[in-house]
Amino acid sequence: MNNTFAAFTSVHDVPDIASLLEEALRIKQTPLAWSEMGRHKTLALVFFNSSLRTRLSSQKAAWNLGMNTMVVNVGTESWKLEMHDGAVMDSDTVEHIKEGAAVIGSYSDIIGVRAFASLTDKAADTSEHTLRQFQKYAAKPLMSLESALRHPLQSLSDLLTIEEVRRREGMTRRPKVVLSWAPHPKALPQAVPNSFAEWMLRADVDFVITHPEGYELDETFTQGASVITNQDEALCDADFVYAKNWSAFQGENYGKVLSNNPSWKITAEKMRLTREGKFMHCLPTRRNVEVADEVLDSPSSLVIQQAQNRVVAAQSVLKRMVAAMS
Ligand code: SN0
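The structure displayed is predicted, hence computed values, not measured ones. (Residues numbered from 1 in each chain as written. Predicted model: local features only at pLDDT ≥ 70, side-chain atom pairs only at ≥ 80, totals over all residues. Heavy atoms only, no water.)

1. Observations concerning the domain arrangement of the chain
Here the domain parsing of the chain yields domain 1 (11-150 + 310-323) and domain 2 (154-307). Each of domain 1 and domain 2 has a C-alpha centre, and these two points are 25 Å apart. Across the interface of domain 1 and domain 2, roughly 2,500 Å² is buried in total on both sides, 65% from carbon and sulfur atoms. The interface formed by domain 1 and domain 2 includes three salt bridges. We note a salt bridge from E198 to R150, for which the minimum N-O separation is 2.7 Å. Applying the counting rule to domain 1 against domain 2 returns 10 residue pairs in polar contact (both at pLDDT 80 or more). Elements that contribute at least two residues to the side of domain 1 that touches domain 2 include exactly α1 (17-29), α4 (122-126) and α12 (303-323). The element that contributes the greatest number of residues to the side of domain 1 that touches domain 2 is α1, accounting for seven residues. Class assignment for the residues of the side of domain 1 that touches domain 2 results in 15 nonpolar, four polar and nine charged. (Domains from an automatic or database assignment. Buried area = accessible area lost by both parts, 1.4 Å probe. Salt bridge = Lys/Arg side-chain N within 4 Å of Asp/Glu carboxyl O. Polar contact = N/O pair within 3.5 Å; in protein donor to acceptor, adjacent residues only side chain to side chain. Helix = DSSP H or I, 4+ residues; strand = E, 2+ residues; numbered from the N terminus. Nonpolar A, V, L, I, M, F, W, Y, C, P; charged D, E, K, R; others polar.)

Now the structure itself:
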């Protein structure tokens with residue numbers, strides 16, 4: 001099987017999840033064992049949105065492989081890019097993505113792009129317009145740093161974290177993994193839950209999604225999952241509870257906050273419904289809105305391990321991309 005990557009934008013770019021996981025576990029043991037592999041290769045990281053983990057873990061992963069990195073924050077540090085073909089650029093956009101992406105591509109061997117959903121233009125969001133335009137005009141291997149629809153580096157870290165816990169605890173049963181919607185003051189994208197679902201549905205786990213009515217995700221990502229609108233019922237006997245807020249996806253409600261029922265917050269009482277379940281979140285999280293302090297500060301929380309595994313995930317992906325070049 002060809003296990004190099006020309007792109008990493010979704011689970012569909014990974015033909016062999018099990019062997020990628022094994023490789024990630026090896027990389028975690030000896031992160032500097034391939035420190036010459038990426039010598040003289042340059043990774044450009046392009047951010048249209050804020051980032052803490054993705055920005056730092058991607059750079060660290062590249063450095064572990066001996067690569068150079070460049071970071072661009074579009075709009076604040078570079079020119080504001082125009083995304084529409086045929087635009088008459090007499091307003092606030094300064095440079096077209098055709099030139100912008102082509103120039104960044106010419107300086108780089110691999111490009112990482114973060115472009116969140118607008119939550120207003122559903123057609124552009126569901127075609128991952130910014131990510132795909134970048135891929136087209138940069139014409140270099142592309143690693144998604146969270147697109148409008150997906151966050152595959154996060155999902156790979158999440159899967160790795162679940163696998164580590166499963167091995168550490170000698171868990172022989174198929175773990176029950178519950179993705180729970182949680183309240184939040186803002187409208188957030190669906191990328192993290194979409195992506196988590198599409199990875200979990202290919203993993204050896206029982207996967208359940210729970211959310212209030214109206215927050216149904218796109219079936220493209222959730223087909224095959226059990227979806228339950230009663231959170232307590234969903235949490236029953238869970239081994240892993242993954243909390244995340246997202247805004248509505250369906251129809252006229254696209255990008256809206258419908259209800260924001262505080263009873264969906266993950267508390268110690270909710271965790272007692274689980275089978276001594278572990279708590280997961282991609283971060284950043286709004287303490288005491290999405291999840292109570294008592295859960296985040298308890299030994300059952302895996303959030304820091306998930307974040308540490310972001311380096312391993314990025315390094316596993318970059319290693320395969322660099323391998324494809326030599
Ligand atoms: C992003 C999201 O997709 O939900 C990134 C998660 C990795 N999260 C946010 O934008 C949080 C913003 C906030 O105000 O809490």
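That covers the picture; the talk isn't over yet.
2. Let's talk about the sheet that holds strand β1 (residues 7-8)
As summarised here, the arrangement of the five strands in space is β1-β7-β6-β2-β3, forming an open sheet in which the pairing is parallel. Both outer strands of the open sheet, β1 and β3 (68-73), are each paired with one neighbouring strand and no more. In the sheet, strand β6 (residues 110-114) pairs with strand β7 (residues 142-144) via three bridges, with the strands oriented parallel. Across the sheet, residue G112 finds its bridge partner in β7, namely M143. (Pairing = 2+ DSSP bridges.)

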